[in-house]
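Summary of structural features
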Amino acid sequence: TWHLKKIPQIVRERTFSLDSPKFEAKTKLELNSVCGIECQRKLPVPSLSDLKNLLSYETVFENGTRTLTEVNVLGAVLDPAANTTTRRPWRKKRQIYGTDSRFSIYDKKFMTNFPFNTAVKISTGCSGILVSPKHVLTAAHCLHNGKDYVKGSKRLRVGLMKTKSRGNGRKRKGTSDGMPSFQWTRVKSTHIPKGWFKGVSGDIALDYDYAVLELKRPHKRKYMELGISPTIKMMPGSMIHFSGFDNDRSGQLVYRFCSISDESNDLFYQYCDAEPGSTGSGIYLRLKEPNKKKWKRKIIAVYSGHQWVDINGEQQDYNVAVRITPLKYAQICFWIHGNDENCTRG
C-alpha cells in the first residue's frame, strides 16, 4: 500500500543571478563514485544547515541565463537510523548480469499507452519520465558533470514517443506495428540541486543525481505521479520497474524489472540489466491506494546508472538509483508546482 507521509516544506528564501555557464562539459553516461555501500552507511546525517545548502538549486533558462535559489527546509525529520538490508553477493563487472532480461517494446498499443508512454528521450543521450503536463524528471549528470553543464544542454530538447509505420502505412508480414520515433520539444528551464555540484557535497553527490526539465510546450499525455520511496521490505517481491532507451538497442523502448539488492537512505543498489542511454529513467512501483481497491503506479526513484566503487581495495560494480525521499519529493514537487501547497502529503 502507498502510505501517506507528511512532507517537509521547501521554502524559497532568495534567488540571485549567476554568470552564464560555459556548456563545455562532456556527457558521461557512466560515473565513477568513491562512496559505495559501506561508505554510505558511515556518512553522518546531514544537519539542517547542510540540507538547506544541498537542496538549494540552480536554474538554467533557454537563453543561457542562470540563477541560484537558496531555500529553507521546514518540518524535516533528521533520522540517524539508516534503513539498510542484508546484501546479496557481488556480481561480475558488467552491466548485463547473466542472461539479458530486458524486453524491447515493439507493440504500438503498449508503446503509446501508460506506463510506457511516460518514457522520454533526452537530447544529451539519456532517458527521462513525464511527471506533469510540462515537466520531465531525469538524472542530473545527463545535464551537468558536477563542474559545468554538458555540451548540448544549452539547446536541450526532449523527445516524446510517437510511432511511425514502416513502408506506406501498411504493416508488412512478420513486422511489428511500428518503431518509435520522437516528437522533439524544446526545454524552457532546468532545475538541478546544489548537492550535485562538486565542492558542495563531496563524495555524496550521487545522492542528488536528479533534475527536472520544464518543457516549452505542454503535452497531452498521461504522466506518472511522484511517490515516496518505500523500504525494500515494503515492496511486493522487492521488485522495481523502469523503461528507457538503451544505446545498444537503438530506436527501441526497453523495459526491465528486477529485485533490489540493498539500500541506503538515499540510494537503491540493484542488478537490473541496463546499458548507457537508460540513465535518467523513472523507476516505479504499483501499489494499492490507501483504503481503496485501486492500484496505482508511482515513481519512487531515478535510475542513475552503472557505478564503480572501491570497496576494501577492490573495484566492485552495481547499478544504482536515487530514491525519492520525503525531502526530495518536496523539492521535485516544488519545482513542478512553484509552491508547496500541492506537496504537503506524499
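Placed above this text is the structure.
All of the points below concern the structure found in this document.

Definitions and limits used
- Residues numbered from 1 in each chain as written.
- Predicted model: local features only at pLDDT ≥ 70, side-chain atom pairs only at ≥ 80, totals over all residues.
- Heavy atoms only, no water.
- Helix = DSSP H or I, 4+ residues; strand = E, 2+ residues; numbered from the N terminus.
- Buried < 20%, exposed > 50% of the residue type's maximum accessible area, 1.4 Å probe, protein only.
- Disulfide = S-S within 2.5 Å.
- Contact = heavy atoms within 4.5 Å.
- Expected span 1.5 Å × (residues − 1).
- Salt bridge = Lys/Arg side-chain N within 4 Å of Asp/Glu carboxyl O.
- Phe/Tyr/Trp six-rings, centres within 6.5 Å; stacked < 30°, edge-to-face > 60°.
- Arc of directions from axis to C-beta.

Turning our eyes to something else, we now look at unusual backbone geometry. Positioned with a positive phi, phenylalanine 23 is a non-glycine residue whose angle comes to about 55°. Tracing the backbone through its elements, the reader meets phenylalanine 23 in the loop between β1 (9-18) and β2 (31-32). Using a relative accessible area of 10% as the deciding quantity, one classes phenylalanine 23 as buried.

This paragraph deals with the state of the cysteines. One pass over the full model with this rule turns up 1 disulfide. Note on cysteine connectivity: cysteine 126 is disulfide-linked to cysteine 142, with sulfurs 2.1 Å apart. Around the S-S axis, the bridge from cysteine 126 to cysteine 142 shows a dihedral of about -95° and counts as left-handed. Linking cysteine 126 in the loop between β6 (119-122) and β7 (127-130) with cysteine 142 in the loop between β8 (135-138) and β9 (157-164), this pair joins segments that are 16 residues apart in sequence.

What follows deals with the side chain of asparagine 72. Looking at where asparagine 72 falls in the secondary structure, it is placed in strand β4 (residues 66-74). When near neighbours in sequence (up to four residues on either side) are disregarded, asparagine 72 contacts Gln9, Ile10, Val11, Glu13 and Lys52.

With that settled, the discussion passes to helix α4 (residues 326-337). In a regular helix each residue adds 1.5 Å, so 12 residues correspond to 16 Å; α4 covers 16 Å between its end C-alpha atoms and thus fits that length. α4 sits mainly inside the fold: 10 of its 12 residues count as buried. Those residues of α4 not exposed but buried are Leu327, Lys328, Tyr329, Ala330, Gln331, Ile332, Cys333, Phe334, Trp335 and Ile336. Residue glycine 338 follows α4 closely and has a positive phi angle near 80°.

Applying the stated criterion across every chain yields a total of 9 salt bridges. Note that lysine 188 and glutamate 214 form a salt bridge whose closest N and O atoms lie 3.9 Å from each other. Separated by 26 residues along the polypeptide, lysine 188 in strand β10 (residues 179-193) and glutamate 214 in strand β11 (residues 211-215) bring together distant segments of the chain. Taking the relative accessible area as the measure of exposure, glutamate 214 reaches 17% and is therefore buried. A salt bridge links glutamate 263 to arginine 323; the nearest nitrogen and oxygen atoms lie 3.2 Å apart. Within this pair, whereas glutamate 263 is found in strand β14 (residues 253-263), its partner arginine 323 is found in strand β18 (residues 314-323), the two being separated by 60 residues in sequence. The residues glutamate 263 and arginine 323 share a single accessibility class, namely buried. It is possible to trace a salt-bridge network through shared partners that takes in Glu62, Arg186 and Lys216.

Under the definition given, this model contains 9 aromatic pairs. Pairing tyrosine 57 with tryptophan 335 gives two aromatic rings, centres 5.4 Å apart and planes at 75°, and the pair type is edge-to-face. Here tyrosine 57 is found in strand β3 (residues 57-61), whereas its partner tryptophan 335 is found in helix α4, with 278 residues between them in sequence. Relative accessible area serves as the criterion here: at 3%, tyrosine 57 is assigned to the buried category. Taking 5.5 Å as the distance between ring centres and 85° as the angle between the ring planes, the aromatic pair formed by phenylalanine 116 and tyrosine 255 counts as edge-to-face. You can see phenylalanine 116 sitting in the loop between α3 (108-111) and β6 and its partner tyrosine 255 sitting in strand β14, a full 139 residues away along the chain.

Before going further, it helps to examine helix α2 (residues 48-55). Within α2, the full set of buried residues consists of Leu51, Leu54 and Leu55. Buried residues of α2 fall within an arc of 85° about the axis and therefore sit on the same side.

Turning our eyes to something else, we now look at the environment of glycine 338. Summarising the element assignment, glycine 338 is placed in the segment after α4. When the C-alpha atoms of glycine 338 and arginine 12 are compared, they prove to be 9.6 Å apart, with 326 residues separating the residues in sequence. The residues contacting glycine 338, other than those within four sequence positions of it, are Arg12 and Cys333.

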